[in-house]
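Inside the fold
Next come the chains, spelled out residue by residue.
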Amino acid sequence: MNKKLWTLFAVLIAFMLVLGACNKDTDEPAKGTDEVKKEEGNKEEGNKEEPAEEVADDSALFPLEVTNDGDAISGGILKVAMAKDEPFQGIFSAELYEDAYDSDIMAFSSNSLFGTDGDFLLDDSGIASMTVDQANNKVTIKIRDGVKWSDGEPLKIEDVIYPYLIIGSKEYTGVRYDANFQNIVGAEEYHDGKADSISGLVKVDETTLEMSLKQISPAIFSGGDGIWTYAAPSHILKDIKMADLVESDAVRKNPVTLGAFKFDKIVPGESVQFVANENYWKGKPKLDGVLVKVVPTSSISVAIGQGEYDIASSFSASKMEEVKDFDNIDILGRQELYYAYLGFKLGKYDNDKGEVITDLAGSKMGDVKLRQAMGYAIDVEQVAEVFYNGLRERANSLIPPVFASFYDSSIEGYTFDPDKAKALLDEAGYKDTNGDGIREDKEGKPFEIKFATMAGDDIAEDITQFYLQNWKDVGLNVTLTTGRTIEFNSFYDKVQADDPEIDIFMAAWGTGTDPSPMGLYSKSAQYNFSRFSSDFLEKTLANIDSPDAFDADYRAGQFRAWQEYMAEEAPVIPTMYRYELVPVNKRVKNWNIDYSNESYSNLQDVELVSDSAVKSSK
């Protein structure tokens, strides 16, 4: 082990001793630094007509599927462990959920309308097909005949329209009414109460919807430009007030769905039992059901080894050493649609105006050199190497490398360079005026930066303390918001509410399969948590999703301009990309995580080859 790694370990051991003394009576840590709050402006669908979303080949590191050729048993329950240290929220609605855990649960009962190909492009393999009339800015969506909801009610075109009425309602409580959605003709008038319906949505017949958009760009083929890629059971939801929908039984207790499995029993925050959906349009699944259960990160590896679960989701790469020798599992892996980042609070979100209000002059973190310095001060490379076994890497851009044609590898990003960090702080006027090793602000007054980050598994605290030490080493006094790391759900509540006790925060995005950054960084995006906007940013985002972007070179150029601009202005600084690891018990037959053919799209084919899961002999 090299000298730098030994130094890092020594620092972390010292911090663990301190934390052990300070936190002896505290609750179990709640959530890891690797967590994702899924952004759904970037839906779980893909692009079309340009081969830009080429998927990287992950097979060199891990397999993408297991087949297990043994004879399958009849039925059986697939047991899924969700590595998580706090309750899931349990918002089972594509229009309303806000984090990746609820999304992962819903995947077993998905209301998705469209299939996708290996480049994340919408195709005709799903419930619906789409025809684009670029010349007239119109889109026609047609659903298959004979598709039924899990309660036996036929799917109708009103169910395709209803999600738009939910998101567009002025009483909508979610976060998906944004610039993309406003691209639908009549959406703003409906949202503002000036119209009773969205004029751009026209029912042609019982299976056909015609949509009128203000413009059409390549994003349309990724489920962008305002297209919503899920249905909602209007026969259930139409009698529930929009403002009450998020807390309704139809969302929390007994959702009606289109997927391979249907909800059977929900223990709030703890587990979900699914049973096979006999009305599934691809045919009744071979499994009897699926059980998804929250399992603490501290015990997830032991549970896998003992054969308590068949699949593990949200499994951290930091646990790889604990399971790598188990002989009862196969470990699948793929480069994930994900990046972690350091965010800086640079303004507020005005809920009345529905837009970001940037205030660089009034923000503690408004000086770009201060933000850049904080990026150069943290040793992300060492954290990735020591804690994640090479299954994470320093991120240089806000576009994950999976999107090969849009990812810009030439951007250097923020490498560990404490000398450069110190020089930038000196230039910006943050200097140590009293010789105590801590810098004062530009007026020579004490300067404290409040840092919010998520609690989590047994390494989350160590990584947090290491970054705090990195910043202290360049003279910055960075302290934890609330005095400690914050439980996952509370963390995002505080970040989204622009809590004044948060100056900087460390979080992550699961980007979805549309690389467009519009849903995360536009002026109208509630997910724009840094609250940064500028004329150049808005123009570049608009260019990425403009009609001109049908020229693949033009769109790629605009993506590059956006990545370079965000790297320079540093309202958020990407820190890590990661591999997604999925341990799979050897009794599971036909589990696949290949983006072009993943099992969540073909759950009806998953089987088990024994009545109980295999236990490890090691």
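Residues numbered from 1 in each chain as written. Predicted model: local features only at pLDDT ≥ 70, side-chain atom pairs only at ≥ 80, totals over all residues. Heavy atoms only, no water.

**Comments concerning the environment of Gly354**
Formally: Numbering goes from the N terminus for both helices and strands, where a helix is a DSSP run of H or I of at least four residues and a strand is a run of E of at least two. Between buried and exposed lies partly exposed: a residue is buried under 20% and exposed over 50% of the maximum accessible area for its type, with that area taken using a 1.4 Å probe on protein chains only. Whether two residues touch is decided by their heavy atoms; if any such pair falls within 4.5 Å, the residues are in contact.
Checked against the element boundaries, Gly354 lands in the loop between strand S15 (347-350) and strand S16 (355-358). Residue classification places Gly354 among the partly exposed residues on the basis of a relative accessible area of 24%. The spatial distance from the C-alpha of Gly354 to the C-alpha of Ala525 is 8.2 Å, given a sequence separation of 171 residues. Setting aside chain neighbours within four positions, we find Gly354 in contact with Tyr349, Lys523 and Ser524.

**Examining the pattern of salt bridges**
Pairs can form between side chains of opposite charge once their charged atoms are near each other. Stated formally: For this analysis, a salt bridge means a side-chain nitrogen from Lys or Arg found within 4 Å of a carboxyl oxygen belonging to Asp or Glu.
The tally for this structure, following the rule as stated, stands at 29 salt bridges. For Glu322, the salt bridge goes to Lys319, with nearest N and O atoms at 3.9 Å. On the basis of relative accessible area, Lys319 is assigned to the buried category, the value being 3%. Of the charged contacts in the structure, one is a salt bridge between Lys324 and Glu321, with a shortest N-O distance of 3.0 Å. For Glu321, a relative accessible area of 44% corresponds to the partly exposed category. Salt bridges sharing partners connect three or more residues here, namely Glu158, Lys203 and Glu206.

**A closer look at the layout of surface pockets**
Where we set the bar: Note on definitions: the grid is 1 Å and covers protein atoms alone; a cavity is a set of points where a 1.4 Å probe fits but cannot get out; a pocket is an open set with protein on both sides within 12 Å along at least five of seven lines; lining residues have an atom within 4 Å of a point. Grid points are joined across faces, edges and corners, and a volume is the space filled by probe spheres set on the points. Just so you know the grouping, Ala, Val, Leu, Ile, Met, Phe, Trp, Tyr, Cys and Pro go in nonpolar, Asp, Glu, Lys and Arg go in charged, and all remaining residues, Gly too, go in polar.
Of the pockets and cavities examined, the second largest pocket occupies roughly 680 Å³. As for the second largest pocket, its lining consists of 29 residues, and the residues nearest its centre are Tyr172, Thr173, Gly174, Asn351 and Gln526. Looking at which element gives the most residues to the lining of the second largest pocket, the answer is helix H13 (residues 488-496), with 4 residues. Split into classes, the residues belonging to the lining of the second largest pocket amount to 9 nonpolar, 11 polar and 9 charged.

**Structural notes on the packing of helix H9 (residues 368-377) against helix H11 (residues 418-428)**
Stated precisely, the cut-off is as follows: For helices, the fitted line uses only the C-alpha atoms of the stretch in contact; every axis is such a line through C-alpha atoms, and the angle between N-to-C directions lies from 0 to 180 degrees. Here the word oblique covers every angle except those under 35 degrees (roughly parallel), over 145 (roughly antiparallel) and from 65 to 115 (roughly perpendicular). It is the rotation of the near helix from the far one that decides the hand of a crossing: anticlockwise by less than a right angle makes it left-handed, clockwise makes it right-handed.
Interaxial distance between H9 and H11 falls to 8 Å at its minimum, and their mutual angle equals 165°. Relative to H11, H9 is oriented roughly antiparallel. H11 is crossed by H9, and the crossing has left-handed handedness. Residues Lys369, Leu370, Gln372, Ala373, Tyr376 and Ala377 of H9 touch H11, and the partners they reach there are Pro418, Lys420, Ala421, Leu424, Leu425, Glu427 and Ala428. For the contact of H9 with H11, a count of residues per class yields 9 nonpolar, 1 polar and 3 charged.

**Re the confidence of the model for the chain**
Keep this limit in mind: You can read pLDDT as the predictor saying how much it trusts each residue, on a scale of 0 to 100.
Mean pLDDT over the chain stands at 89; residues scoring 70 or higher make up 90%. Long-range and interchain partners of residues 1-59, a stretch whose pLDDT sits below 50, account for 201 contacts in this model, where long-range means more than four residues apart.

**Things to note about the pairing of strand S14 (residues 338-344)**
Along a regular strand, successive side chains alternate from one face of the sheet to the other. Using the following cut-off: Two strands qualify as a pair provided that DSSP identifies no fewer than 2 bridges between them.
Here S14 lies mainly inside the structure; 7 of its 7 residues are buried. Because side chains alternate across S14, one face comprises the buried residues Tyr338, Ala340, Leu342 and Phe344, and the other comprises Tyr339, Tyr341 and Gly343, equally buried. By the bridge criterion, 7 bridges tie S14 to strand S20 (residues 504-510) in an arrangement that is antiparallel. Note that in S20 the partner of Gly343 across the bridge is Phe505. In the sheet, S14 pairs with strand S21 (residues 572-585) via 4 bridges, with the strands oriented antiparallel. The residue of S21 that forms the bridge with Gly343 is Val572.

**Re H13**
Operational definition: Here the arc refers to the directions that run from the helix axis out to each C-beta atom. The definition of a polar contact used here is a pair of N or O atoms within 3.5 Å, where within protein one atom must be able to donate a hydrogen and the other to accept one, and adjacent residues in sequence count solely through side-chain atom pairs.
Inspection of H13 places Phe488, Asn489, Phe491, Tyr492 and Val495 among the buried residues, and these make up the whole buried set. Burial along H13 is one-sided: seen end-on, the buried residues are contained in an arc of 160°. Turning to H13, the residues buried within the fold contact helix H2 (100-106), strand S18 (448-453) and S20. The N-cap of H13, judged by a side-chain oxygen 3.1 Å from the amide nitrogen of Asn489 a few residues on, is Glu487. Looking at the residues trailing H13, positive phi occurs at Asp498, about 55°.

**Re the pairing of S16**
With 4 bridges joining them, S15 and S16 adopt antiparallel strand pairing. Across the sheet, residue Tyr349 finds its bridge partner in S16, namely Val356. The hairpin formed by S15 and S16 contains 4 residues between the paired strands, and Gly354 there has a positive phi angle of roughly 70°.

**Concerning the side chain of Glu607**
Structurally, the position occupied by Glu607 is in strand S24 (residues 607-608). In this view, Glu607 contacts Ala72, Lys286, Leu287, Arg587, Val588, Lys589 and Asn590; residues no more than four positions away in its chain are not counted.

**Regarding the packing of helix H15 (residues 535-544) against helix H16 (residues 552-569)**
H16 packs onto H15 with a crossing angle of 150° between their chain directions and a minimal axis gap of 9 Å. As judged from the angle between their axes, H15 and H16 are roughly antiparallel. You can see that H15 and H16 cross each other, and the crossing is left-handed. Only Tyr554, Arg555, Gln558, Phe559, Ala561, Trp562, Tyr565 and Met566 of H16 make contact with H15, whose side of the interface consists of Phe536, Leu537, Thr540, Leu541, Asn543 and Ile544. Its residues assigned to classes, the contact of H15 with H16 shows 10 nonpolar, 3 polar and 1 charged.

**Considerations on the nonpolar core**
Let me state the cut-off plainly: We call a set of buried Ala, Val, Leu, Ile, Met, Phe, Trp, Tyr and Cys residues a nonpolar core when their side-chain atoms join them within 4.5 Å.
Residues Tyr164, Trp471 and Trp591 are the most contacted members of the largest nonpolar core, which totals 184 residues. The element contributing the most residues to this core is S21, with 8 residues.

**Examining the packing of aromatic side chains**
The test is simple: What counts as a ring pair is set by centres within 6.5 Å for rings of Phe, Tyr and Trp (its six-membered ring), and what kind of pair is set by the plane angle: stacked under 30 degrees, edge-to-face over 60, tilted for all other angles. Geometrically, a charge over a ring is one whose NZ (Lys) or CZ (Arg) sits within 6 Å of the ring centre while staying within 35 degrees of the ring normal.
Overall, the coordinates contain 34 aromatic pairs when judged by the stated rule. Here Phe88 and Phe92 contribute two aromatic rings whose centre-to-centre distance is 6.1 Å and whose plane-to-plane angle is 50°, an arrangement assigned as tilted. No difference in accessibility class separates Phe88 from Phe92, as the two residues are buried. Between Phe466 and Tyr467, the ring centres sit 6.4 Å apart and the planes meet at 40°, which makes this aromatic pair tilted. Per residue, the accessibility class of Phe466 equals that of Tyr467, and both read buried. For the cation-ring pair, Arg578 lies above Tyr338, with the distance from its terminal atom to the ring centre recorded as 3.8 Å.

**Things to note about unusual backbone geometry**
The residue Asn389 is not glycine, and still its phi comes out positive at about 55°. By secondary structure assignment, the location of Asn389 is in the loop between helix H10 (380-388) and strand S17 (392-394). Not every positive phi belongs to a glycine, and Arg531 is a case in point at roughly 65°. Structurally, Arg531 is set in the loop between helix H14 (518-521) and H15. According to the relative accessible area criterion, Arg531 is buried, its value standing at 1%.

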